[in-house]
Amino acid sequence: MPREFKRFAPTPSPETQHYWDGCKEGELRLQRCDQCEHTYFPPRPFCPKCASREVSIYKASGKATLWSYVIHHRPMPGFKPPYAIAVVQLQEGPRMMTNIVECEQTPEALQLDMPLEVRFESVSDDINLPVFAPAQK
Ligand SMILES: [Zn+2]
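Keep in mind it's a predicted model, so treat the numbers as computed, not measured.

**Structural notes on the overall build of the protein**
Along the backbone of the protein there are 1 helix and 8 strands. Order of helices (α) and strands (β) in the protein, N terminus to C terminus: α-β-β-β-β-β-β-β-β. Its C-alpha atoms give the protein a radius of gyration of 15 Å, near enough to 14 Å, the size a compact globule of 137 residues would have. Overall, the C-alpha framework of the protein stretches about 45 × 30 × 25 Å when taken along its three principal axes. Residue burial in the protein is summarised as follows: out of 137 residues, 19% are buried. Excluding contacts between residues fewer than 6 apart, the proportion of contacts in the protein whose partners are at least 24 apart in sequence is 48%.

Put into structure tokens, the structure is as follows:
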């Protein structure tokens, strides 16, 4: 999907570098607590559930379902209206705010609970953003 404007690109921090490195390599990376097995997002160096710092990084399936969305009709840098800002439920549990691509941005096309899979869109030399497309049947 061509973008009309350059989108804002996030700046990786030491805590999120592994995540952005993963996106650059086409992998959605999540963290899981070694103590309580809680999987969480966004990246942080300790478990949000039990505060353990023994956490592991792993490659997520990239599968998700559409949990909620809002369709915006006003232009924003990098977005051609109408566009949906969506929240997806990852198969591993966490929810993530993202965009839905390869799909009409209408309530008819965007069905809640529809199966999705991750794609990566380059927004700068260093940053690929994860977005989600309807899963291939
Ligand atoms: Zn934990």
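**So, helix α1 (residues 17–24)**
Buried residues of α1: Tyr19, Trp20, Gly22 and Cys23, and no others. Taken down its axis, α1 places every buried residue within 155 degrees of arc, on the same side. In this fold, the buried residues of α1 make contact with β1 (29–33), β7 (115–122) and β8 (128–134).

**Considerations on the nonpolar core**
Ala64, Leu66, Ala84, Ala86, Val88, Leu116 and Phe132 are the most contacted members of the largest nonpolar core, which has 15 residues in total. Those elements that provide at least two residues to this core are β4 (63–72), β5 (83–90) and β7. With sequence-adjacent residues up to four places away left out, Val88 is seen in contact with Ala64, Thr65, Leu66, Trp67, Arg95, Met96, Thr98, Leu116 and Phe132.

**Describing the environment of Tyr58**
Its place among the elements puts Tyr58 in strand β3 (residues 55–59). We classify Tyr58 as partly exposed; it has 13 C-beta atoms within 10 Å. Sequence-wise, Tyr58 and Leu28 are 30 residues apart; in three dimensions their C-alpha atoms are separated by 8.5 Å. In this view, Tyr58 contacts Arg29, Leu30 and Arg32; residues no more than four positions away in its chain are not counted.

**Some remarks on the pairing of β7**
Pairing analysis gives 3 bridges linking β4 to β7, with the strands arranged antiparallel. Each bridged residue has a counterpart across the sheet, and for Ala64 the counterpart in β7 is Leu116. By the bridge criterion, 7 bridges tie β7 to β8 in an arrangement that is antiparallel. In the strand pairing of β8, Phe120 is matched with Pro130. Between β7 and β8, which pair antiparallel in sequence order, lie 5 residues.

**A look at the sheet that holds β4**
Taken in spatial order, the 5 strands make up an open sheet running β6-β5-β4-β7-β8, and their pairing is antiparallel. Every other strand in the sheet has two partners, leaving β6 (95–99) and β8 as the edge strands with one partner each. Between one strand axis and the next, the sheet turns through 40 degrees on average, direction left out of account. Across 8 bridges, β4 lies against β5 in antiparallel orientation.

**Here's the deal with the sheet that holds strand β2 (residues 39–40)**
In spatial order, the strands read β2-β1-β3; together these 3 strands make up an open sheet with antiparallel pairing. Each edge of the open sheet carries a strand with a single partner, namely β2 and β3. With 5 bridges joining them, β1 and β3 adopt antiparallel strand pairing. Note on β3: the bridge partner recorded for Arg29 is Lys59.

About the thresholds
Residues numbered from 1 in each chain as written. Predicted model: local features only at pLDDT ≥ 70, side-chain atom pairs only at ≥ 80, totals over all residues. Helix = DSSP H or I, 4+ residues; strand = E, 2+ residues; numbered from the N terminus. Rg over C-alpha atoms; globule rule 2.2 N^0.38 Å. Buried ≥ 20, exposed ≤ 12 C-beta atoms within 10 Å, placed from the backbone. Contact = placed C-beta atoms within 7 Å. Arc of directions from axis to C-beta. Core = buried A, V, L, I, M, F, W, Y, C linked by C-beta atoms within 7 Å. Pairing = 2+ DSSP bridges. Axes fitted to C-alpha atoms, helices over the stretch in contact; angles between N-to-C directions.

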